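A look at the structure
Residues per chain, in single letters:
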Amino acid sequence: MAEPQSPQKSPYAVELAPGDYWWCSCGLSKRQPFCDGSHKAAGVFSPVRFSTTEAQKVWLCGCKHSGNKPFCDGSHQKL
């Protein structure tokens, strides 16, 4: 399987409003950490959909290797 690009080796701290979001899993999106459809060119990756019911700050994986996608689990420290 192809390896994703790692746009940064730390999490993205983002403030989210309630709603649905699509996290970029390929690392190619110009709208990191969110999907912009760039995965279609790679043909291997799919974005990860997640939702929040309340406004909150979250840490989304920037290295694309988290075992708890889309959230950071510290995997970037092993790269």
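Just so it is clear, the model here is predicted, and its values are computed rather than measured.

Considering the side chain of Lys64
As for its position among the elements, Lys64 is in the segment after strand S4 (56-60). Asp36 is the oppositely charged side chain nearest to the buried, salt-bridge-free Lys64, at an N-O distance of 10 Å. There is a polar contact of 2.7 Å between the side chain of Lys64 and the backbone oxygen of Cys24. At 2.9 Å, the side chain of Lys64 forms a polar contact with the side chain of Gln32. Once residues within four sequence positions are removed from consideration, Lys64 is found in contact with Pro4, Gln5, Pro7, Trp23, Cys24, Ser25, Gly27, Gln32, Pro33 and Lys69.

Comments concerning the packing of aromatic side chains
By convention here, two paired aromatic rings are described through the distance between centres and the angle between planes. Under the criterion given, the structure shown has 3 aromatic pairs. With a centroid separation of 5.7 Å and 35° between ring planes, the pair formed by Tyr21 and Phe34 is classed as tilted. Residue Tyr21 is found in strand S2 (residues 19-23), and its partner Phe34 is found in the loop between S2 and helix H1 (39-42); the two are separated by 13 residues along the sequence. The buried category is assigned to Tyr21, whose relative accessible area is 18%. What makes Phe34 buried here is its relative accessible area of 16%. A centroid spacing of 5.7 Å and a plane angle of 70° characterise the contact between Phe50 and Phe71, whose relative ring orientation is edge-to-face. Placement of the pair is Phe50 in strand S3 (residues 48-52) and Phe71 in the segment after S4, with a sequence separation of 21 residues. Joined through ring pairs, the aromatic side chains of Tyr21, Phe34, Phe50 and Phe71 make up one cluster.

So, unusual backbone geometry
Residues Gln32 and Pro33 are joined by a peptide bond in cis, for which omega reads 5°. Mapping Pro33 onto the fold places it in the loop between S2 and H1. Backbone torsion omega between Lys69 and Pro70 reads 10°, so that peptide bond is classified as cis. Topologically, Pro70 is positioned in the segment after S4. Positive phi, close to 70°, is recorded for Lys64, a residue that is not glycine. Taking the relative accessible area as the measure of exposure, Lys64 reaches 2% and is therefore buried.

Basis of the calculations
- Residues numbered from 1 in each chain as written.
- Predicted model: local features only at pLDDT ≥ 70, side-chain atom pairs only at ≥ 80, totals over all residues.
- Heavy atoms only, no water.
- Helix = DSSP H or I, 4+ residues; strand = E, 2+ residues; numbered from the N terminus.
- Buried < 20%, exposed > 50% of the residue type's maximum accessible area, 1.4 Å probe, protein only.
- Lys, Arg positive; Asp, Glu negative; His and termini not counted.
- Salt bridge = Lys/Arg side-chain N within 4 Å of Asp/Glu carboxyl O.
- Polar contact = N/O pair within 3.5 Å; in protein donor to acceptor, adjacent residues only side chain to side chain.
- Contact = heavy atoms within 4.5 Å.
- Phe/Tyr/Trp six-rings, centres within 6.5 Å; stacked < 30°, edge-to-face > 60°.

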